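Close look at the chain arrangement
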Amino acid sequence: MTAALTHLGPQGQANMVDVGGKDETTRTAIAEGFVSMRPETLKMILAGNAKKGDVLGTARIAGIMAAKKTHELIPLCHPLLLTKVSVDIEPDPALPGLKIVALARVTGKTGVEMEALTAASVACLTIYDMAKAVDRAMVITGIRLVEKTGGKSGDYKAAGEDGAVA
């Protein structure tokens, strides 16, 4: 089964989806991303010794601010009155690096997947920016939608690394 692309008109023209007839429901999306780095860089960030300041705190704020501006960044996204945005950042020594998890929630007529993905992406970019002076080889990977709930299309959970539904 192939789903139709909702942002394209009959002749392929860009189209902002009309959500006027949809029901308002609570919709939540969770996205993640990873920033891999040298172990020394991770240690510096966790110790709070970056020359630019608090890397983790700044990345959280940047992600939240980005979610609120998603409609200004991504063409055809609806402006949303977000009810919650959070950005959690955890060290992952196995990378080594940081795992970023962003949550966006709204009670409205359209989903918040793009807001969660934008928050995770910008938080990752902010980490890179704030630590690039000591580690330009950092790598941003794995930005993806992990979960979404609410709305007509129903719930979604991404498959885990082993292929099982998370």
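Residues numbered from 1 in each chain as written. Predicted model: local features only at pLDDT ≥ 70, side-chain atom pairs only at ≥ 80, totals over all residues. Heavy atoms only, no water.

A word on the packing of helix H2 (residues 55–68) against helix H4 (residues 113–131)
Quick note on the threshold: Between N-to-C directions, angles span 0 to 180 degrees; the directions come from axes that are lines fitted to C-alpha atoms, helices contributing only their stretch in contact. Strands are runs of DSSP state E lasting at least two residues, helices are runs of H or I lasting at least four, and both sets are numbered from the N terminus onward. Each crossing gets its handedness from the near helix: less than a right angle anticlockwise from the far helix is left-handed, clockwise is right-handed. We call two residues in contact when some of their heavy atoms are within 4.5 Å. Side-chain classes are defined by residue name, with Ala, Val, Leu, Ile, Met, Phe, Trp, Tyr, Cys and Pro counting as nonpolar, Asp, Glu, Lys and Arg as charged, and the others, Gly among them, as polar.
In contact at an axis separation of 7 Å, H2 and H4 are set at 145° when each is read in the N-to-C sense. The crossing of H2 and H4 is right-handed. Of H4, the residues touching H2 (which contributes Val55, Thr58, Ala59, Ala62, Gly63, Ala66 and Ala67) are Glu115, Thr118, Ala119, Val122, Ala123, Thr126, Ile127 and Met130. Looking at side-chain class alone, the contact of H2 with H4 contains 10 nonpolar, four polar and one charged residues.

Digging into a nonpolar patch on the surface
The criterion, for reference: Here the term patch refers to residues with relative accessible area over 30% and no salt bridge, with like charges joined within 9 Å and nonpolar side chains (Val, Leu, Ile, Met, Phe, Trp, Tyr) within 5 Å. Each accessible area value is a Shrake-Rupley result obtained with a 1.4 Å probe; residue values ignore everything except the protein chains displayed when judging cover. Here a salt bridge means any side-chain nitrogen of Lys or Arg lying within 4 Å of a carboxyl oxygen belonging to Asp or Glu. Throughout, exposure labels follow a simple rule: accessible area from a 1.4 Å probe, protein chains only, divided by the maximum for the residue type, with under 20% read as buried, over 50% as exposed, and the rest as partly exposed.
Taken together, the side chains of Leu125, Ile140 and Ile143 define a hydrophobic patch exposed on the protein surface, amounting to about 230 Å² of accessible area. Mapping leucine 125 onto the fold places it in helix H4. A relative accessible area of 51% places leucine 125 in the exposed class.

Digging into helix H1 (residues 39–47)
Short version of the rule: Taken from the helix axis, the directions to the C-beta atoms give the arc we talk about.
Those residues of H1 lying buried are Thr41, Leu42, Met44 and Ile45. Within H1, the buried residues cover an arc of 160° as seen down the axis, which keeps them to one side. Exposed side chains of H1 directed beyond 90 degrees from the buried face belong to Pro39 and Lys43. In this structure, the buried side of H1 is in contact with H2, strand E2 (84–92), strand E3 (97–108) and H4. Just past H1, the residue glycine 48 takes up positive phi, approximately 75°.

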